[in-house]
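# Overview (structure and organization)
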Amino acid sequence: MQYLSTRGHPDRKRFCEILLEGLAPDGGLYLPEHYPQVSDATLSAWRRVYHDEGYAALAFEVLSLYIDDIPAQDLRALCETTYTEEVFGTGEIVPLRHLEDDLWLEGLSNGPTLAFKDMAMQLLGNLFEYELARRGEQLNILGATSGDTGSAAEYAMRGKKGVRVFMTSPHGRMSPFQQAQMFSLMDDNIHNIAIEGVFDDCQDIVKAVSNDLAFKRQYKVGTVNSINWARLLAQVVYYFAGYFQATTANEQSVSFAVPSGNFGNVCAGHVARMMGLPIAQLVVATNENDVLDEFFRTGMYRVRGSADTFETSSPSMDISKASNFERFVFDLLGRDGARVAQLFGPQLARAGHFDLSGDVAFAQAAERFGFVSGKSTHGDRIATIRDTFARHAMVIDTHTADGVKVAREHRQPGVPMVVLETALPIKFAETIVEALGQQPERPARFEGIEALPKRVVVMPASVEMVKAYMVEKCE
Ligand SMILES: *Cc1c(COP(=O)(O)O)cnc(C)c1O
């Protein structure tokens, strides 16, 4: 399998080449040259694999179609060490729970940090360690986080040979639970840097360091952000697993409702659908930051400024632009790289928007690609959490609540609707208390983590100081 850039660059690359890279050289995102097609017979075979051998075996089947530069037995071993009951708290890895009628919840947040990002990041940690050992290289991952991504990255990379993590976060701004999750890690290769500033200051530091090409090369600085193709690919697997749990035969189709921010999760659903998985609709659920809902309703993609980007009670969906969205637009426009380069290049940076409302491709988006959308507000979130608890004695987190709210608006008779549960409620306890007047349940392994010793350095928002700290730790 060869990979190409969404902006039309002529180069083609293999999986392990793009694994450790960010953007393509022309600023585009990597996608496979084609989507392997899953025939009815293969789908039946995979259904058996999933039921008889489990999630890791299914992951190997899916990944094999996209990764041909890792020997099969190694790839299988990587899947088997990643998707275990020990790491994901349940042998089913992504259990399906019934909510009401045709509405289901697929649990993607039983991993080490209790959010769905573990599903991909845990695999990425093992892939990085494998590939760096093969090359005899080191990698220093530099990131910025306001919560979920940073902790998922640290729990995936802790103790991994060849990898160090330097994670910046805004000092004092994460929830006590999130701080405890990250700062209690004592592994030598994990470095927490609390920046005296806001999340944007952290992101600016990461950008400044990455733009210093000499430093970047000398210290082998890399990232693990959501545009990484390997992360997206890992997420494709749970669409298949959700489908197999919700159906008994391949004639049945299923819809998925996905709490969305950077469009990584639902983009994986798009890839599964392009491979031939019988998905009726892909329901994009946004919060008040409704960049994506606006696009799917009107054809206008309008990036928000910081004054128009709201802090909400589903904070992992608080985005001003959706960094994976370019991948879908590439497919929507018939894989026209020149056109994508024109839309997402300097024009978007300058004007802040593009408009596809008059394009025939957009008019067919829902019909050809199954996309529909909706948005949810703080009030909706509270009401949905209350209602789900009152009627089903089930506590759902704020992001999942956005998914359930929008899913209910798009149900079709006879088609199971699977809502992806993207976090456990304990991560966002404040809003749960607001909705239910009680604390959410805390998994036993997180009992008392706020009291554990913390390993973190506090620094002013200074690029030079962060660089100096990295240099010191690399010696
Ligand atoms: C990251 C995240 C999302 C958004 O996922 P995208 O892939 O960015 O669309 C939703 N919910 C939770 C809990 C998350 O951590």
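### A short note on the sheet that holds strand β9 (residues 254-259)
Within the open sheet, the 6 strands sit side by side as β3-β4-β14-β9-β10-β13. Their pairing is mixed. Each end of this open sheet is capped by a strand with a single partner; those strands are β3 (96-100) and β13 (371-375). Strand-to-strand twist across the sheet, computed as the mean angle between neighbouring axes with direction ignored, equals 25°. Contacting β10 (279-286) and β13, helix α13 (residues 291-298) runs over the sheet at an angle of about 130° to β13.

### A closer look at the pattern of salt bridges
A complete count under the given rule lists 32 salt bridges for this structure. Across the pair Asp148 and Lys427 runs a salt bridge whose closest N-O atoms are separated by 2.8 Å. With Asp148 in helix α7 (residues 148-157) and Lys427 in the loop between β14 (417-421) and α21 (429-436), the pair connects residues that are 279 residues apart, well separated along the chain. Summarising the burial analysis for this pair, Asp148 and Lys427 share the class buried. Of the charged contacts in the structure, one is a salt bridge between Asp387 and Arg391, with a shortest N-O distance of 2.9 Å. One end of the pair is Asp387 and the other is Arg391, both in helix α19 (residues 378-392) and 4 residues apart, which spans about a single turn. For Arg391, a relative accessible area of 47% gives the class partly exposed.

### A few points about α13
Think of an α-helix as 3.6 residues a turn; residues three or four steps apart then line up on the same face. The buried fraction of α13 amounts to 6 of the 8 residues, a majority that puts the element mostly inside the structure. Among all positions of α13, only Val291, Leu292, Asp293, Glu294, Phe295 and Phe296 are buried. On its buried side, α13 packs onto β10, β11 (300-302), α14 (325-332), α17 (360-363) and β13. Once α13 finishes, Gly299 follows within two positions and takes phi at roughly 90°, a positive value.

### Topic: the nonpolar core
Buried together is how nonpolar side chains tend to be arranged in soluble globular proteins. Phe128, Tyr239, Phe240, Phe263 and Phe325 are the most contacted members of the largest nonpolar core, which totals 115 residues. Tallying contributions element by element places helix α11 (residues 229-246) first for this core, with 14 residues. When near neighbours in sequence (up to four residues on either side) are disregarded, Phe128 contacts Leu19, Leu20, Leu139, Ile141, Met157, Val163, Thr223, Val224 and Asn228. Formed by 20 residues, the second largest nonpolar core is a distinct cluster that contains Val372, Val404, Ala407 and Val419.

### Observations concerning the pairing of strand β6 (residues 163-170)
The buried fraction of β6 is high, at 8 of 8 residues. Taking every second residue as pointing to the same face, both faces of β6 are buried, with Val163, Val165, Met167 and Ser169 on one and Arg164, Phe166, Thr168 and Pro170 on the other. As paired elements, strand β5 (residues 139-144) and β6 share 6 bridges and run parallel to each other. By the bridge assignment, Ile141 is partnered in β6 with Val165. Traced from β5 through α7 to β6, the parallel crossover comes out right-handed. Sheet topology places β6 next to strand β7 (residues 190-196); 6 bridges connect them, and they run parallel. Looking at the pairing, Phe166 lines up with His191 of β7. With helix α8 (residues 176-183) bridging β6 and the parallel β7, this β-α-β connection has right-handed handedness.

### Details of the site of the ligand
Of all residues adjacent to the ligand, which total 15 residues, the nearest are Lys117, Asp148, Gly261, Asn262 and Asn265. Separating an oxygen atom of the ligand from a backbone N or O atom of Phe263 is a distance of 3.1 Å. Gly264 places a polar main-chain atom, nitrogen or oxygen, 3.2 Å from an oxygen atom of the ligand. Relative to its unbound accessible area of 380 Å², the ligand is 96% covered by the protein chains. Considering only residue class, the shell around the ligand consists of 5 nonpolar, 8 polar and 2 charged.

### A word on the packing of helix α2 (residues 40-53) against α11
Direction vectors running N to C along α2 and α11 enclose 85°, while the axes themselves pass 10 Å from each other. As summarised for this structure, α2 and α11 are arranged roughly perpendicular, according to the angle between their axes. Residue-level contacts link Leu43, Trp46, Arg47, Tyr50 and His51 of α2 to Phe240, Ala241, Tyr243, Phe244 and Gln245 of α11. Its residues assigned to classes, the contact of α2 with α11 comprises 7 nonpolar, 2 polar and 1 charged.

Reading the values: rules and limits
Residues numbered from 1 in each chain as written. Predicted model: local features only at pLDDT ≥ 70, side-chain atom pairs only at ≥ 80, totals over all residues. Heavy atoms only, no water. Pairing = 2+ DSSP bridges. Helix = DSSP H or I, 4+ residues; strand = E, 2+ residues; numbered from the N terminus. Axes fitted to C-alpha atoms, helices over the stretch in contact; angles between N-to-C directions. Contact = heavy atoms within 4.5 Å. Salt bridge = Lys/Arg side-chain N within 4 Å of Asp/Glu carboxyl O. Buried < 20%, exposed > 50% of the residue type's maximum accessible area, 1.4 Å probe, protein only. Core = buried A, V, L, I, M, F, W, Y, C linked by side-chain atoms within 4.5 Å. Right-handed = clockwise from strand over helix to strand, strands pointing away. Near = heavy atom within 4 Å. Polar contact = N/O pair within 3.5 Å; in protein donor to acceptor, adjacent residues only side chain to side chain. Areas by Shrake-Rupley, 256 points an atom, 1.4 Å probe, with all protein chains shown as cover. Nonpolar A, V, L, I, M, F, W, Y, C, P; charged D, E, K, R; others polar. Parallel < 35°, antiparallel > 145°, perpendicular 65-115°, else oblique.

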